[in-house]
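Chain and residue survey
Spelled out, the chains give:
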Amino acid sequence: MLTTLKNLPDKPGVYQYFDKDRKLLYVGKAKSLKKRVKSYFRFTPELAPAQKLSPRIYNMVSQIAHIETIVTNSESDALLLENSLIKQLRPKYNILLRDDKTYPYLYIDLSEPFARLELTRKVVKGNKVKYFGPFPNGSKAILSSIYELVPLVQKKSCIKGKKACLFHQIKRCMAPCEGKISQKEYSKLIDEAIGYIHNKKALLTELEKRMEKYAEQLRFEEAAQIRDRIEAIKKIEEVSTTDIAKLEDLDIFTVAFDETRGVVVRLFMREGKIVSSSHTYIEEIEEQIGEEEIEAIYRRTILEFYTAETPFTARSILTAHSLSDRDELESILSERFGKRIHLHHPKRGEKKRLIDLGLQNATELLRQKRSKPQSDILERIKSLLNLTSKPTRVEVYDNSHLMGTATVGAMVVYDNEKWDKASYRHYNLNAKDEYHQMQEMLTRRIESFSETPPPDLWVIDGGETLRVLAENLLKNAGVNLPVVGVAKEKIDAKAHRAKGSAKDILYTEDGELRLQPTDTRLQWFQRLRDEAHRFAISFHKKQRLKKDKTISLLEVNGIGPAKVKRLLDFFGTFEEIKKADFETLCSVVSSKDAKAIKDFFNNKK
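Here the structure is a predicted model, which means the values were calculated and not measured.

Let's talk about the overall build of the protein
A tally of regular secondary structure across the protein gives 20 helices and 23 strands. Expressed as a percentage of its 605 residues, the buried residues of the protein come to 50%. Sequence separation of 24 or more characterises 62% of the internal contacts of the protein that already satisfy a separation of 6 or more. A total accessible area of about 31,000 Å² is found for the protein, and carbon and sulfur atoms account for 49% of it.

Okay, structure coming up:
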């Protein structure tokens, strides 16, 4: 390692630290790899961690056995590469952020003669597109409420019609399709709708009136819908009525820590008022965090929040800490959005008050988290598996098939002690056996790590063979991610599934774990496995139903079950049979049958 340190290039790039087992410890970026990497060490009387390091980083440096570097063209490129590698590889000592959501915005295209408000999470092309947001919570409730109160064009298809529809009859639309309202009059409705976005108190007042009206008319279902919208809008975190004299649009980022965790708070100010906010907790902070790590948190938070497809609606970004790589971040963001973007660390005045407001909210969120009763199951799982942090987010995998047909895989996600059903995924698989089916599914998931980062733990429905398979796939990809296999105990070659006494076996990196059926840790793994199994089976049944219909229709065309099996053995799926050319089909069945198959799929199309 000393030789590597002596030969480091004096160029920008990314450095990676590995331990003696070649497990990735840390990823960092540098303006000069030579100067940055050497700053972690002292060289006399012998090579050792530098004394000025924070306790956490000092502990990390003491484990370094191997160093790798990647030279880049600029520090901006190094910053982007660092962010990508941390996101995909989950180094042990980098602080990992779990918030990768893109928040919705409301937008309206004012170039349209009769414009509508809509939701988006991406940039919408157009010179007169106006955005409102972002809204971490309640965006759909705001949109639905505005259409409840203001008779805008209700559906995209409405304006294309030539005759007034039901929405006009129930007084939800002024029927511009029949010329019953001019563009000038309609623009007043747009101003009214936008006014409700800026003034949510007025919106809530009107909704409460509408709810009471529906209740008086005994229209309880509609009243309940408005009640739910009111609650959703109230949950939008208008953290303060703080105004600043200038009608500025600002995004404010603050980071704070207590003894056990940290929190990132984002405030969104539009036209001089805080309109919404969001936050992300950083768990498992066991040692003091240094300035370098705080800067890294800001870097990752900002780069993950402002993707190339995110509408940028603020004039500038405020941070509670000074950032040494501010220029590089400004350069990256300015290039992404095609306009000059500034980052500021205000030290006085109105903008400093906004920073103080963000830090105040961060402190309060940390206090609330400390006072909230927490389940100890994740801490117990962490201890059971000797993990470095609690498995807050877990992905669970299972596959299902029937005699090699309708082969599917399923991934369910457990996040913060509840099911994240929006992240569930199905996989149509081509492999014929369980081992290669799991390999195909996990390989596809690893390939998507750049888009959706890995979780804290993988749980596989299967024994040691499948666990080792998953571990090797991750190792080949350079990803630090623990894997647990859950397998049914075999008694006389049959799975022991007696209700209340299922003795499933856990397979881990450290060997088998045989817990008692009453152990809540085993029950936790069983619950994860059972949910993945349920999800896989439900999708398998749907796919079987589709295939059964296809088989029945093929039989009508003279292709019997034996020929269908021969075709599936050769092509794998009905989709591949459909794509096959006539000559290839003739290599499996007769020309007469091949023609019947082509005719069937062409007619079906």
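Further notes follow.
Some remarks on the sheet that holds strand E1 (residues 13-18)
Strand order in the open sheet made by the three strands is E2-E1-E5, with antiparallel pairing throughout. In this open sheet, the two edge strands, each paired with only one partner strand, are strand E2 (24-30) and strand E5 (66-71). Ignoring which end each strand starts from, the neighbouring axes of this sheet average 15° apart. Bridge count for E1 against E5 is six bridges, and the pairing is antiparallel. The residue bridging Gly13 from the neighbouring strand is Val71, located in E5. Strands E1, E2 and E5 of the sheet are contacted by helix H4 (residues 75-89), whose axis makes an angle of about 160° with E2.

Some details on a nonpolar patch on the surface
Taken together, the side chains of Leu2, Phe43 and Leu47 define a hydrophobic patch exposed on the protein surface, amounting to about 220 Å² of accessible area. In this structure, Leu2 sits in helix H1 (residues 2-6).

Some thoughts on the packing of helix H5 (residues 139-149) against helix H8 (residues 200-216)
Orientation of H5 relative to H8, taken along the N-to-C sense of each, is 65°, at an axis distance of 11 Å. Seen from above, H5 lies across H8 with left-handed handedness. Residue-level contacts link Ile142, Ser145, Glu148 and Leu149 of H5 to Lys200, Leu203, Glu206, Leu207, Arg210 and Tyr214 of H8. Residue composition of the contact of H5 with H8, by class: five nonpolar, one polar and four charged.

Overview of the packing of aromatic side chains
Within the structure shown, the criterion is met by 23 aromatic pairs. Between Tyr17 and Tyr40, the ring centres sit 5.3 Å apart and the planes meet at 90°, which makes this aromatic pair edge-to-face. Of this pair, Tyr17 sits in strand E1 while Tyr40 is found in the loop between helix H2 (33-38) and strand E3 (41-42), placing the two residues 23 residues apart along the sequence. Taken individually, Tyr17 and Tyr40 each receive the classification buried, so the pair is uniform in this respect. Here Tyr105 and Tyr131 contribute two aromatic rings whose centre-to-centre distance is 6.4 Å and whose plane-to-plane angle is 75°, an arrangement assigned as edge-to-face. Pair noted here: Tyr105 is in strand E6 (residues 105-109) and Tyr131 is in strand E8 (residues 129-132), with a separation of 26 residues, a long-range link. Between Lys369 and the ring centre of Tyr281, over which it is positioned, the NZ or CZ distance is 4.5 Å.

The rules behind these values
- Residues numbered from 1 in each chain as written.
- Predicted model: local features only at pLDDT ≥ 70, side-chain atom pairs only at ≥ 80, totals over all residues.
- Heavy atoms only, no water.
- Helix = DSSP H or I, 4+ residues; strand = E, 2+ residues; numbered from the N terminus.
- Buried < 20%, exposed > 50% of the residue type's maximum accessible area, 1.4 Å probe, protein only.
- Contact = heavy atoms within 4.5 Å.
- Areas by Shrake-Rupley, 256 points an atom, 1.4 Å probe, with all protein chains shown as cover.
- Pairing = 2+ DSSP bridges.
- Axes fitted to C-alpha atoms, helices over the stretch in contact; angles between N-to-C directions.
- Patch = residues over 30% accessible without salt bridge, like charges linked within 9 Å, V, L, I, M, F, W, Y side chains within 5 Å.
- Salt bridge = Lys/Arg side-chain N within 4 Å of Asp/Glu carboxyl O.
- Left-handed = near helix turned anticlockwise from the far one by under 90°.
- Nonpolar A, V, L, I, M, F, W, Y, C, P; charged D, E, K, R; others polar.
- Phe/Tyr/Trp six-rings, centres within 6.5 Å; stacked < 30°, edge-to-face > 60°.
- Lys NZ or Arg CZ within 6 Å of the ring centre and 35° of its normal.

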